[in-house]
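Observations on the three-dimensional arrangement
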Amino acid sequence: MSVELLTNPNKCVEIPDDLESFFLVLLYYAIRYLDSNIENVGDYIEEFFDTVSLKGGMYTVGHAKRDVMKQDVELRTIAGADSEKLAFNSPLDGLFHTLLRSFQAAYKIRAYKRRSVVDPLSSGVIEKILPQTPVKTTSEGRRRVQFPSRKVVAHTKISESPLSVPTKEDRDLADNVEDHELMVEILGETLDMPWPTVDAKSTQKRGPTITSSKAPDVRLQ
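Right, let's walk through the structure included here. Here the residue index of a chain counts from 1 through its sequence in written order. Per-residue local features are limited, in this predicted model, to residues with pLDDT of at least 70; the limit for side-chain atom pairs, both in listing and counting, is 80 or more; totals at the level of whole chains, interfaces and linings are taken over all residues. Water and hydrogen atoms were dropped before computing side-chain values, which therefore reflect all heavy atoms in the structure.

What to know about the packing of helix α2 (residues 15-33) against helix α8 (residues 180-191)
At a minimum axis separation of 10 Å, α2 and α8 run at an interaxial angle of 25°. Taken together, the axis directions place α2 and α8 in an arrangement best described as roughly parallel. Counting all contacts with α2, which are made through I15, L19, F22 and L26, the residues of α8 involved are H180, M183 and L187. Its residues assigned to classes, the contact of α2 with α8 comprises 6 nonpolar, 1 polar and no charged. Lines fitted to the C-alpha atoms define the axes, with helices restricted to the stretch that makes contact. Angles between their N-to-C directions range from 0 to 180 degrees. Numbering goes from the N terminus for both helices and strands, where a helix is a DSSP run of H or I of at least four residues and a strand is a run of E of at least two. When describing relative orientation, an angle under 35 degrees is termed roughly parallel and one over 145 degrees roughly antiparallel, while 65 to 115 degrees is termed roughly perpendicular and anything else oblique. Only heavy atoms matter for contacts: two residues are in contact if any of them lie within 4.5 Å across the pair. When residues are sorted by character, Ala, Val, Leu, Ile, Met, Phe, Trp, Tyr, Cys and Pro go into the nonpolar class, Asp, Glu, Lys and Arg into the charged class, and all the rest, Gly among them, into the polar class.

Overview of the packing of aromatic side chains
Stacked, edge-to-face and tilted are the three classes for Phe, Tyr and Trp ring pairs, Trp counted by its six-membered ring, which pair at centre distances within 6.5 Å; planes under 30 degrees apart are stacked, over 60 edge-to-face, the rest tilted. Throughout the structure, instances matching the rule amount to 8 aromatic pairs. On the numbers, 5.1 Å between centres and 90° between planes, the contact of Y28 with Y29 is edge-to-face. When its relative accessible area of 18% is taken as the criterion, Y28 is described as buried. Connected via pairs of aromatic rings, a cluster forms that spans Y28, Y29, Y33, Y44, F48 and F49. Counting as a charge over the ring demands two things of the Lys NZ or Arg CZ atom: a distance within 6 Å of the ring centre and an angle within 35 degrees of the ring normal. Its guanidinium or amino end placed over the ring of Y33, R32 lies 5.0 Å from that ring's centre, counting from NZ or CZ. The residue whose ring lies beneath R110 is Y107, and the NZ or CZ to ring-centre distance is 4.7 Å. Categorising residues by exposure relies on relative accessible area from a 1.4 Å probe, with only protein chains included: less than 20% of the type maximum marks a residue as buried, more than 50% marks it as exposed, and the intermediate range marks it as partly exposed.

Brief notes about a nonpolar patch on the surface
Only residues whose relative accessible area exceeds 30% and that form no salt bridge enter a patch; like-charged residues are grouped when within 9 Å of one another, and nonpolar side chains (Val, Leu, Ile, Met, Phe, Trp, Tyr) when within 5 Å. Residue-level accessible areas treat just the shown protein chains as cover; the underlying method is Shrake-Rupley with a 1.4 Å probe. Every case where a carboxyl oxygen of Asp or Glu lies within 4 Å of a side-chain nitrogen of Lys or Arg is listed as a salt bridge. On the surface, a nonpolar cluster with roughly 410 Å² of combined accessible area is contributed by V25, Y29, Y33 and L34. Take Y33: it is sitting in helix α2.

The following block contains the structure:
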């Protein structure tokens, strides 16, 4: 499920929630079954996907998943300063990077809209930056970020403040995950890229989701 739905179970499911859930499932299976630079797959899956938080007496989304989806951070091999950027050495690296930046931009825009409702002084700013020239359009005229070159996406960082004013680039990124058609285009372009040959002799250890008989640790907030 999306971070938004796990945080607010009363929220109505929307297209971005479905697409985020799909993204997380795709990431899970890539980590679980494909070679990557993660040393202990079982521990990683437990930390990122299985750990939950306790807030107001209710179980909610774990901090690792929440922080990755809602902050300007990369997917890393482990938590901490000594970790590396998660890598599969395949077109998946560009795909996950682009989609993650897109979801982060979408969360940034939602946070700004909510603040605008509470703070009248900030209302109206979003409307002023809407009329922009699209980077690229689909057959139906929808905006999307250029892909797979990712000249805008791959080398740009979303502002660290989740409440800063969304930019045109933020909106172009968010468009990628607001519509099923755009997601399908991105996935199709990724499939058309050159992929490495599968090494049948790979010795990478792929652990189970939970490596022990006890339930995952609950992290209190």
